[in-house]
Amino acid sequence: MRLPLLLSTLAITLTLGACGNTVEQRIGGAAVGAGTGAVVAGPVGAVVGGAAGAVSAPTVVRASRRATR
């Protein structure tokens, strides 16, 4: 019962997180965050890392672009 709820919450979070002008950045950030979270904390880490990566990706990309100029 908890797994379908968790999966639907993840799908909704990633869908809403990907909205906006920075879709590529958010999807890439979510993928990197989910991969890192899965290595560190397993399935729960993958969900949390994916959400955190999707939310923080545009800020990280902007900061890294400024640093390379």
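Attention in this report is confined to the structure presented alongside it. (Residues numbered from 1 in each chain as written. Predicted model: local features only at pLDDT ≥ 70, side-chain atom pairs only at ≥ 80, totals over all residues. Heavy atoms only, no water.)

1. Side note on the overall build of the chain
In terms of helices and strands, the chain carries two helices and zero strands. A fraction of 48% describes how many contacts in the chain between residues 6 or more apart in sequence connect residues 24 or more apart. Carbon and sulfur atoms form 72% of the exposed surface of the chain, whose accessible area is close to 4900 Å². (Helix = DSSP H or I, 4+ residues; strand = E, 2+ residues; numbered from the N terminus. Contact = heavy atoms within 4.5 Å. Areas by Shrake-Rupley, 256 points an atom, 1.4 Å probe, with all protein chains shown as cover.)

2. Overview of the environment of Gly37
Take Gly37: it is sitting in helix H2 (residues 23-68). Between the C-alpha atoms of Gly37 and Gly53, which are 16 residues apart in sequence, the distance is 9.7 Å. When residues no more than four places from it in sequence are discounted, the contact partners of Gly37 are Gly42, Gly45 and Ala46.

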